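Summary of structural features
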Amino acid sequence: MDDEEARIRLLDAAEALFYAEGIQAVGMDRIRAESGVPLKRLYKVFPAKEALVAGYLERRDRRWMGSLRAAVAAAPSDRVGAVFDWLAAWFSEPGFRGCAFMNAYGELGAAGPAGVLDVVRRHKAELRTLLAEAAGPGREELADQLLILVEGATAVAALAPGPAPARRAGAAAAALVRAAATTEAGPGARAGAGG
């Protein structure tokens, strides 16, 4: 087994265990046993648990953001709606347990390992950037509102998995998009809309 195979096996085991059971509940011995990677190789590839947690989150970020970006790109006429449709599917996956990044932050706190917290912050910043792109140019406040809807829906779905939280948040997002469009059109747009 070379280092790359060991890395993949360790990250697979870490992702399954950390996401399902929590970071602090799972020790390095458990990761070693589940992955089948010898202890010496484990610590060669990931010298500390912090490095393994950061690696797990970085890999999850690439996959998660890549999938969400693809869904948004595939729906150019309703990019904001595509975000919430994607969330509805994610919330319905077996084993869904909320946001891995917020779960990590919640477990480790603001004083947690800097490398892990950096990954969490970068992920949320990238999500906010994607939402700003979906909202359209000049809609920074809307992007912030969409981020709150995404995070809130994810937290609610963690307690009650299924598509309903994403659908409700998607309806709120659509109302925000309509309100932003009306505001941008100017005061006469609302008066003329009913006529």
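For the structure itself, look to the data block above.
Keep in mind it's a predicted model, so treat the numbers as computed, not measured. (Residues numbered from 1 in each chain as written. Predicted model: local features only at pLDDT ≥ 70, side-chain atom pairs only at ≥ 80, totals over all residues. Heavy atoms only, no water.)

Below, the discussion takes up the overall build of the protein. In terms of helices and strands, the protein carries 10 helices and zero strands. Listing each helix as α and each strand as β along the protein from the N terminus yields α-α-α-α-α-α-α-α-α-α. Within the span of the protein, comprising 195 residues, buried residues form 42% of the whole. Accessible surface for the protein amounts to roughly 9,900 Å². Of this, 58% is attributable to carbon and sulfur atoms. The positive charge centre, built from 24 side chains, and the negative charge centre, built from 24, are 1 Å apart in the protein. (Helix = DSSP H or I, 4+ residues; strand = E, 2+ residues; numbered from the N terminus. Buried < 20%, exposed > 50% of the residue type's maximum accessible area, 1.4 Å probe, protein only. Areas by Shrake-Rupley, 256 points an atom, 1.4 Å probe, with all protein chains shown as cover. Lys, Arg positive; Asp, Glu negative; His and termini not counted. Charge placed at Lys NZ, Arg CZ, Asp CG, Glu CD.)

According to the stated counting rule, one finds seven aromatic pairs in the structure shown. Judged by centre distance (4.8 Å) and plane angle (85 degrees), the ring pair of Trp90 and Phe96 falls under edge-to-face. Relative accessible area serves as the criterion here: at 9%, Phe96 is assigned to the buried category. Among the aromatic residues, those joined into a ring-pair cluster are Trp64, Trp86, Trp90, Phe91 and Phe96. (Phe/Tyr/Trp six-rings, centres within 6.5 Å; stacked < 30°, edge-to-face > 60°.)

For the pair helix H6 (residues 100-108) and helix H7 (residues 114-135), the least separation of the axes is 10 Å and the interaxial angle reads 140 degrees. You can see that H6 and H7 cross each other, and the crossing is left-handed. For the pair formed by H6 and H7, the contact residues are Phe101, Met102, Ala104, Tyr105 and Leu108 on the first element and Val116, Leu117, Val119, Val120, Arg121, His123 and Lys124 on the second. A class-by-class count of the residues in the contact of H6 with H7 yields nine nonpolar, one polar and two charged. (Axes fitted to C-alpha atoms, helices over the stretch in contact; angles between N-to-C directions. Left-handed = near helix turned anticlockwise from the far one by under 90°. Contact = heavy atoms within 4.5 Å. Nonpolar A, V, L, I, M, F, W, Y, C, P; charged D, E, K, R; others polar.)

Of note, Asp29 is situated in helix H2 (residues 28-35). Here Asp29 falls in the exposed class, since its relative accessible area comes to 52%. For the pair Asp29 and Leu39, spaced 10 residues apart in the sequence, the C-alpha separation amounts to 7.9 Å.

This part covers the pattern of salt bridges. Scanning the entire structure with this criterion turns up 15 salt bridges. Of the charged contacts in the structure, one is a salt bridge between Arg63 and Glu15, with a shortest N-O distance of 2.3 Å. Taken as a pair, Arg63 in helix H4 (residues 49-73) and Glu15 in helix H1 (residues 3-21) lie far apart in primary sequence, 48 residues in all. Assessed through its relative accessible area of 44%, Arg63 is described here as partly exposed. A salt bridge links Arg69 to Glu126; the nearest nitrogen and oxygen atoms lie 4.0 Å apart. You can see Arg69 sitting in helix H4 and its partner Glu126 sitting in helix H7, a full 57 residues away along the chain. With a relative accessible area of 28%, Glu126 lands in the partly exposed category. The network of salt bridges with shared partners includes Asp12, Glu15, Arg59, Arg60 and Arg63. (Salt bridge = Lys/Arg side-chain N within 4 Å of Asp/Glu carboxyl O.)

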